[in-house]
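Structure at a glance
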Amino acid sequence: MDRMLFSVIGYFALTVMALLCLLPFLLVVSSSMTNEEKIILDGYQFLPFDFSIEAYKILFKYPDQIVNAYLVTLGVTAVGTLLGLFLTSMTAYALSRKDFKWRNKFSFFFFFTTLFNGGLVPWYLLIVNYLHMKDTPLALVLPMLLNVFYIIVMKSFLSSIPEAIVESAKIDGAGDFRIYAQLILPLSKPALATIGLFLALAYWNDWYNALLFVSDEKLMPLQYYLYKMLGNMDGMRKAMMGAGAVVTTALPTEGLKMAMTVVATGPILLAYPLVQRYFVRGLTIGAVKG
């Protein structure tokens, strides 16, 4: 009886928490479909009492540009996530091997770069003047390819895999890359799923690298395209107000912000169900290991 009561209270509490987590997204969706004047007068509402899709009409006024931005973001996210997972897992595997005599020196190098770096200007000059990646897709992929924190998380997980598995594979004649590809990676699905999700979110939400290194509109990712569109609208409104013009309608700024949020976050939400079975286990990686 006590166990049943505990289960009922637990499910009820989790249901309430889940509904509370949905409320902000419901507010964003509702506000994106509400008339601008209604938002200004009454604030954001959970239901669109004065329904309007004017913000979405403005957002998709030039569908070719936003579709191109979507494709750029999808390509950068897919390529960056796969390459990032490959390099992160390989680096972590090498650092987790006790027979790798340089692992402490390489570990120190990685940790040192997280504390000290050259700063923004040398980094920009390196990307633009020496690597010549300005206005290329590489400028959107390479800067976020390796994250030391993810290497540490992955290394902690790989340290929990019994050393006997690697030793037995070596006795059977397997090489290092074959051990990594056919034994270590299949056993690392929780860590790969968790880090892959973090990488995908980082690439999907990135606009800063595009701001620095991309001026070609064909290479603009979605987040930067929306950021630029909103900035142009704010600039136009301020210019009209500065010229003494009366700004009344036709610029649903608040609704447009919400519509941009819906458009930008919708597709990436589909990634969560795919990795959910591994995500909880992956979040506890490193909880008891250094």
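Fair warning: this is a prediction, and the values are worked out from it, not measured in the lab.

1. Regarding the overall build of the protein
From N to C terminus, the protein includes 15 helices and zero strands. Burial status across the protein gives 35% buried among its 290 residues. Here the protein displays about 17900 Å² of accessible surface, and carbon together with sulfur accounts for 69% of that area.

2. Let's talk about the side chain of Thr91
Within the secondary structure layout, Thr91 lies in helix α4 (residues 63-96). On the basis of relative accessible area, Thr91 is assigned to the buried category, the value being 18%. Polar contacts involving the side chain of Thr91 include one to the main-chain carbonyl oxygen of Leu87, which spans 2.7 Å. The residues touching Thr91, leaving out its near neighbours within four places in the chain, are Phe110, Leu146 and Ile151.

3. Considering the packing of helix α8 (residues 148-159) against helix α11 (residues 189-205)
In the contact formed by α8 and α11, the axes pass within 10 Å of each other and the chain directions differ by 170°. Taken as axis vectors, α8 and α11 run roughly antiparallel relative to one another. Mapping the contact onto sequence places Tyr150, Val153, Met154 and Phe157 in α8 and Pro190, Ala191, Leu192, Ile195, Phe198 and Leu199 in α11. Residues of the contact of α8 with α11, tallied by class, amount to 10 nonpolar, no polar and no charged.

4. Comments concerning the packing of aromatic side chains
Under the criterion given, the structure shown has 15 aromatic pairs. Three or more aromatic residues joined by ring pairs form one cluster here, namely Phe86, Tyr93, Phe177 and Tyr180.

5. Details of the confidence of the model for the protein
The share of residues in the protein with pLDDT of 70 or more is 88%, and the mean pLDDT across the chain is 83. Within the protein, no element has a lower average pLDDT than helix α15 (residues 271-283), which sits at 65, and none a higher one than helix α7 (residues 138-141), at 92.

6. Points about unusual backbone geometry
A positive phi is found at His132, a non-glycine position, where the angle reads about 50°. With respect to the helices and strands, His132 occurs in the loop between α6 (120-130) and α7. Positive phi, normally seen in glycine, also occurs at Asp135, with a value near 60°. Within the element layout of this structure, Asp135 appears in the loop between α6 and α7. Classification of Asp135 as partly exposed rests on a relative accessible area of 28%.

7. What to know about the pattern of salt bridges
The tally for this structure, following the rule as stated, stands at four salt bridges. Asp176 is paired through a salt bridge with Arg97; the nearest N and O atoms lie 3.4 Å apart. Pair noted here: Asp176 is in helix α10 (residues 176-187) and Arg97 is in the loop between α4 and α5 (103-115), with a separation of 79 residues, a long-range link. For Arg97, a relative accessible area of 7% puts it in the buried group.

8. What about the environment of Ala69?
Mapped onto the fold, Ala69 is located in helix α4. Measuring from C-alpha to C-alpha, the distance between Ala69 and Leu219 comes to 7.3 Å, with 150 residues separating the pair along the chain. Excluding anything up to four places from it in sequence, Ala69 contacts Met220, Pro221, Leu222 and Tyr225.

9. What about the nonpolar core?
Ranked by internal contacts, the top residues of the largest apolar core, which has 34 residues, are Tyr93, Met154, Leu158, Ile179, Ile184 and Ile195. No other element matches α8, which puts seven residues into this core. Not counting residues within four places of it along the chain, the set of residues in contact with Leu158 comprises Ser89, Ala92, Tyr93, Ser96, Ile184 and Ser188.

10. Remarks on a nonpolar patch on the surface
Where nonpolar side chains cluster on the molecular surface, the patch consists of Leu120, Val121, Leu125, Leu126, Tyr130, Leu131, Trp207, Tyr208, Leu211 and Tyr227 and spans about 970 Å² of accessible area. Elements supplying a minimum of two residues to the nonpolar patch: α6 and α12 (208-213). Element by element, the count of residues in the nonpolar patch is highest for α6, at five residues. Tracing the sequence through the fold places Val121 in helix α6. We classify Val121 as exposed; its relative accessible area is 57%.

Here is what the cut-offs are and how they apply
- Residues numbered from 1 in each chain as written.
- Predicted model: local features only at pLDDT ≥ 70, side-chain atom pairs only at ≥ 80, totals over all residues.
- Heavy atoms only, no water.
- Helix = DSSP H or I, 4+ residues; strand = E, 2+ residues; numbered from the N terminus.
- Buried < 20%, exposed > 50% of the residue type's maximum accessible area, 1.4 Å probe, protein only.
- Areas by Shrake-Rupley, 256 points an atom, 1.4 Å probe, with all protein chains shown as cover.
- Polar contact = N/O pair within 3.5 Å; in protein donor to acceptor, adjacent residues only side chain to side chain.
- Contact = heavy atoms within 4.5 Å.
- Axes fitted to C-alpha atoms, helices over the stretch in contact; angles between N-to-C directions.
- Parallel < 35°, antiparallel > 145°, perpendicular 65-115°, else oblique.
- Nonpolar A, V, L, I, M, F, W, Y, C, P; charged D, E, K, R; others polar.
- Phe/Tyr/Trp six-rings, centres within 6.5 Å; stacked < 30°, edge-to-face > 60°.
- pLDDT = per-residue confidence, 0-100.
- Salt bridge = Lys/Arg side-chain N within 4 Å of Asp/Glu carboxyl O.
- Core = buried A, V, L, I, M, F, W, Y, C linked by side-chain atoms within 4.5 Å.
- Patch = residues over 30% accessible without salt bridge, like charges linked within 9 Å, V, L, I, M, F, W, Y side chains within 5 Å.

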